[in-house]
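# Analysis of the macromolecular model
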Amino acid sequence: MCNPLIPAAYRASADGGAPEAGSSSQRGFPPAPEPLPVPVMDNHTHLDFPDGKAPVGIKEALDAAAAVGVQGAVQVGCDLESSRFTVQAVDLDERLLGAVALHPNDAPRYAERGELEEALAEIERLAAHPRVRAIGETGLDFFRTEGEGLAHQRYSFRRHIDIAKRLDLTLQIHDRDAHNDVVQVLKEEGAPERVVFHCFSGDEELAATCNKEGWWMSFAGTLTFKNAANLRAALAVADPDLVLVETDAPFLTPHPHRGRPNASYMVPYTVRAMAELTSTDLAELGARISQNTVRAYGSWD
């Protein structure tokens, strides 16, 4: 039987067929949260990464999000295939803006095949689309890449920074276990005018740096995890004018549904946690997040 609390677009994915072993789809999509009183945007999602037993279309996914007060999203590329998808997607639904890049863990793979320069050139061509507003996700990831791959990561990151600056686009940072090095590269290269730390994973020290530099901090469902004291401490000191919200869907589903697939309609769980942690009125926080997101990426209109 379909769960009526789960958005219709996700019911087939949640209820139909046998789940793959080890997939978060074994538990299905979570119920829809109570709608937000003021709409916000999900500034980082991957609509081309299915996590369920049936694909959900772009319109259906955004309709489900809109029903709970998530009025738009930034679809993010992390290799050539997903960046091409992003450019196609932003033409299909005006509720989407796009970001294109080579993920720091993918850049070494292109380099090993001798394809990095060609791939970066295509990213720059894709970034010329008027509804692509960011270069991302790019950055450094010391968790999954090591050795010679780190040199390729750093080179790719610097090239992405250059593209963002020349095209006047926002830079969307992937930073995993590399806070100091990311900041160092940004300062050495000269950061673009607009920088977003996607799925902010730092602590009070990195938040203070972001405050000083005017870099946005985008909080995901990880903020709600029991072991995320560093994120809650960072949020407590973050400049409210530099705070954004995201899903990184289909990953990082917020508590109490951690381990299940994520989607943009789940944003209200994280926004409510942010409001509670900062003792901020929910409507006031939603309005500020929405304003911040438009400042970071421009208008969705």
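### Remarks on the nonpolar core
Ranked by size, the top nonpolar core spans 80 residues in total, and within it Leu186, Phe197 and Phe200 carry the most contacts. Not counting the four nearest positions on each side in its chain, phenylalanine 197 is found in contact with Ile173, Asp175, Val182, Leu186, Leu206, Cys210, Trp215, Trp216, Met217 and Ser218. By size, the runner-up hydrophobic cluster in this structure holds six residues, among which are Ile58, Leu62, Ala73 and Leu96.

### Regarding the packing of helix H5 (residues 116-126) against helix H6 (residues 148-167)
Close contact between H5 and H6 brings their axes to 11 Å; oriented N to C, the two are set at 25 degrees. In terms of orientation, H5 lies roughly parallel with respect to H6. At the point where H5 passes H6, the crossing takes the right-handed sense. Taking contact as the criterion, the partners of Leu116, Glu117, Leu120, Ile123 and Glu124 in H5 are, on H6, Tyr155, Ser156, Arg159, His160, Ile163, Arg166 and Leu167.

### A short note on the packing of helix H10 (residues 267-278) against helix H11 (residues 282-297)
One way to put it is that H10 packs onto H11 with a least axis distance of 9 Å and a crossing angle of 115 degrees. As judged from the angle between their axes, H10 and H11 are roughly perpendicular. In this structure, H10 meets H11 at a crossing whose hand is right-handed. Residues Val271, Arg272, Met274 and Ala275 of H10 touch H11, and the partners they reach there are Leu282, Leu285 and Ile289.

Cut-off values and rules
Residues numbered from 1 in each chain as written. Predicted model: local features only at pLDDT ≥ 70, side-chain atom pairs only at ≥ 80, totals over all residues. Heavy atoms only, no water. Core = buried A, V, L, I, M, F, W, Y, C linked by side-chain atoms within 4.5 Å. Buried < 20%, exposed > 50% of the residue type's maximum accessible area, 1.4 Å probe, protein only. Contact = heavy atoms within 4.5 Å. Axes fitted to C-alpha atoms, helices over the stretch in contact; angles between N-to-C directions. Helix = DSSP H or I, 4+ residues; strand = E, 2+ residues; numbered from the N terminus. Parallel < 35°, antiparallel > 145°, perpendicular 65-115°, else oblique. Left-handed = near helix turned anticlockwise from the far one by under 90°.

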